[in-house]
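Structural features, examined
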Amino acid sequence: MGNCLHKPKDDDSDHNEEFAPGNVQLITTKESWDQKLEQARRDSKIVIANFSATWCGPCKTIAPYYSELSEKYPSIMFLLIDVDELTDFSTSWDIKATPTFFFLKDGKEVDKLVGANKPELEKKIAAVTDVVPHNQ
């Protein structure tokens, strides 16, 4: 399982918009985070928050898979937070390595995964979807 502990000193890559395809929603402000969490509460959706970094190899590796999962599980809200864009906010979540995935229900953490572990990520998603009421 890969994860990145800190940014390489010689990497000054710009934020990449292609990092959030599919149904993944890029969070760029604390306000947009609050809005998405409120929307998820209203819609009784589980939220998966991927704290990531554009310079992180494992983050880049799992990004397409995270996007695929966002399309496979439309009842879940998939968010992407760039730890370098929202440094203080990421620090408030005690991010020690990227990627870190938080599973939230009603704004509260119900599970967490550190590292780019595809099987474990899908296993945790399958586990939390059993908790989500299906409105179909």
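Residues numbered from 1 in each chain as written. Predicted model: local features only at pLDDT ≥ 70, side-chain atom pairs only at ≥ 80, totals over all residues. Heavy atoms only, no water.

Time to look at helix α4 (residues 118-129). For α4, with 12 residues, the first-to-last C-alpha span of 17 Å sits near the 16 Å given by 1.5 Å per residue. In this structure Asn117 caps α4, since a side-chain oxygen of it lies 3.0 Å from the backbone nitrogen of Glu120. (Helix = DSSP H or I, 4+ residues; strand = E, 2+ residues; numbered from the N terminus. Expected span 1.5 Å × (residues − 1). Polar contact = N/O pair within 3.5 Å; in protein donor to acceptor, adjacent residues only side chain to side chain.)

Here we come to the sheet that holds strand β2 (residues 46-52). Taken together, 5 strands build an open sheet; the order of strands is β1-β3-β2-β4-β5 and the sheet is mixed. Either end of the sheet is taken by a strand with one partner, and the two such strands are β1 (24-27) and β5 (108-114). Here the average twist between neighbouring strands, direction ignored, is 25 degrees. Note that β2 and strand β3 (residues 76-82) share 7 bridges and pair parallel. In the sheet register, Ile48 faces β3, and the bridge partner there is Phe78. Sheet strands in contact with helix α1 (residues 30-42) are β1, β2, β3 and β4 (100-105), and its direction is about 170 degrees off that of β3. (Pairing = 2+ DSSP bridges. Axes fitted to C-alpha atoms, helices over the stretch in contact; angles between N-to-C directions. Contact = heavy atoms within 4.5 Å.)

This brings us to helix α2 (residues 57-72). Over its 16 residues, α2 extends 24 Å from the first C-alpha to the last, a length consistent with the 22 Å expected when each residue adds 1.5 Å. The largest bend along α2 reaches roughly 35 degrees and is located at Ala63, with the proline Pro64 sitting one to four residues downstream. Among the residues making up α2, those that are buried are Pro58, Cys59, Ile62, Ala63, Tyr65, Tyr66, Ser67, Leu69 and Ser70. Buried residues along α2 sit against β1, β2, β3, β4 and α4. (Bend = angle between axes of the 7 residues up to and from the residue. Buried < 20%, exposed > 50% of the residue type's maximum accessible area, 1.4 Å probe, protein only.)

The next point concerns the pattern of salt bridges. Enumeration over the complete set of coordinates arrives at 7 salt bridges. Here Glu38 ties to Arg41 by a salt bridge, and the two come within 3.0 Å at their closest N and O atoms. Remark: Arg41 and Glu38 occur in helix α1; sequence separation between them is 3 residues, near one turn of the helix. Here Glu38 falls in the partly exposed class, since its relative accessible area comes to 34%. Since its relative accessible area comes to 36%, Arg41 is described here as partly exposed. Two residues, Lys72 and Glu122, come together in a salt bridge whose shortest N-O distance is 2.6 Å. Placement of the pair is Lys72 in helix α2 and Glu122 in helix α4, with a sequence separation of 50 residues. The class for Lys72 is exposed, based on a relative accessible area of 51%. One salt-bridge network, in which partners are shared between bridges, spans Asp111, Glu120, Lys123 and Lys124. (Salt bridge = Lys/Arg side-chain N within 4 Å of Asp/Glu carboxyl O.)

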